[in-house]
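One-letter residues, chain by chain:
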Amino acid sequence: QETVLASLELARVFLRLDQPNAALEVYAKAADIFPVDVTIIVGQARTCDALNDATKAVQHYKRALSIDATHVESLACLAAHHFYTDQPELAL
């Protein structure tokens, strides 16, 4: 039986083994099973950020914020993204 914690730990193992694409697959499968779990969505976003895929990372951060509007990490990462893409007015 899948659990959120088991999925997060498995993805973390893949990240430690330097296999971010495998970690993204684990996150995607977990997100299908637990669609409103913010930690899984933010894990996807972090991994996309590490792979320099800012577009997907921003989508995941926005999805996390649509579930939990007070998620500080998502807010900060979106603000930093907008600030560094010459959109400082959106960062505020």
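That block above? That's the structure.
Definitions and limits used
- Residues numbered from 1 in each chain as written.
- Predicted model: local features only at pLDDT ≥ 70, side-chain atom pairs only at ≥ 80, totals over all residues.
- Heavy atoms only, no water.
- Helix = DSSP H or I, 4+ residues; strand = E, 2+ residues; numbered from the N terminus.
- Buried < 20%, exposed > 50% of the residue type's maximum accessible area, 1.4 Å probe, protein only.
- Patch = residues over 30% accessible without salt bridge, like charges linked within 9 Å, V, L, I, M, F, W, Y side chains within 5 Å.
- Areas by Shrake-Rupley, 256 points an atom, 1.4 Å probe, with all protein chains shown as cover.
- Salt bridge = Lys/Arg side-chain N within 4 Å of Asp/Glu carboxyl O.
- Expected span 1.5 Å × (residues − 1).
- Arc of directions from axis to C-beta.
- Contact = heavy atoms within 4.5 Å.

Caption draft 1: Molecular detail of unusual backbone geometry. Phi is positive for Asp18, which is not a glycine, with a value near 60°. Within the element layout of this structure, Asp18 appears in the loop between helix H1 (4–16) and helix H2 (20–33). In the Ramachandran plot, Asn52 falls in the positive-phi region, its phi being about 60° despite a non-glycine side chain. Tracing the chain through its elements places Asn52 in the loop between helix H3 (38–50) and helix H4 (54–67). Overall, the relative accessible area of 71% leaves Asn52 in the exposed class.

Caption draft 2: Region of the structure containing a nonpolar patch on the surface. Taken together, the side chains of Leu10, Val13 and Leu17 present a nonpolar region at the surface, about 270 Å² in accessible area. In this fold, Leu17 is placed in the loop between H1 and H2.

Caption draft 3: Here's a closer look at H2. Taking 1.5 Å of rise per residue, 14 residues should cover 20 Å, and H2 covers 20 Å from first to last C-alpha, within 8% of that figure. Residues Pro20, Ala23, Leu24, Val26, Tyr27, Ala30 and Ala31 constitute the buried set of H2. For H2, the angular spread of buried residues about the axis comes to 160°, placing them on one side. What points out from H2, more than 90 degrees from its buried face, is the exposed set Asn21, Glu25, Lys29 and Asp32.

Caption draft 4: Seen up close, the side chain of His60. Along the chain, His60 falls in helix H4. Among the residues examined, His60 registers a relative accessible area of 15% and is labelled buried. When sequence neighbours within four positions are dropped, the list of residues in contact with His60 reads Ile41, Gln44, Ala45 and Cys48.

Caption draft 5: Focus on helix H5 (residues 72–84). Spanning 13 residues, H5 covers 18 Å between terminal C-alpha atoms, matching the ideal 18 Å at 1.5 Å per step. Regarding H5, the residues found buried are Ser74, Leu78 and His82. Angularly, the buried residues of H5 cover 60° about the axis, an arc narrow enough to put them on a single face. Within H5, the exposed residues directed more than 90 degrees away from the buried face are Val72 and Tyr84. Backbone geometry just downstream of H5 places Asp86 in the positive-phi region, at approximately 60°.

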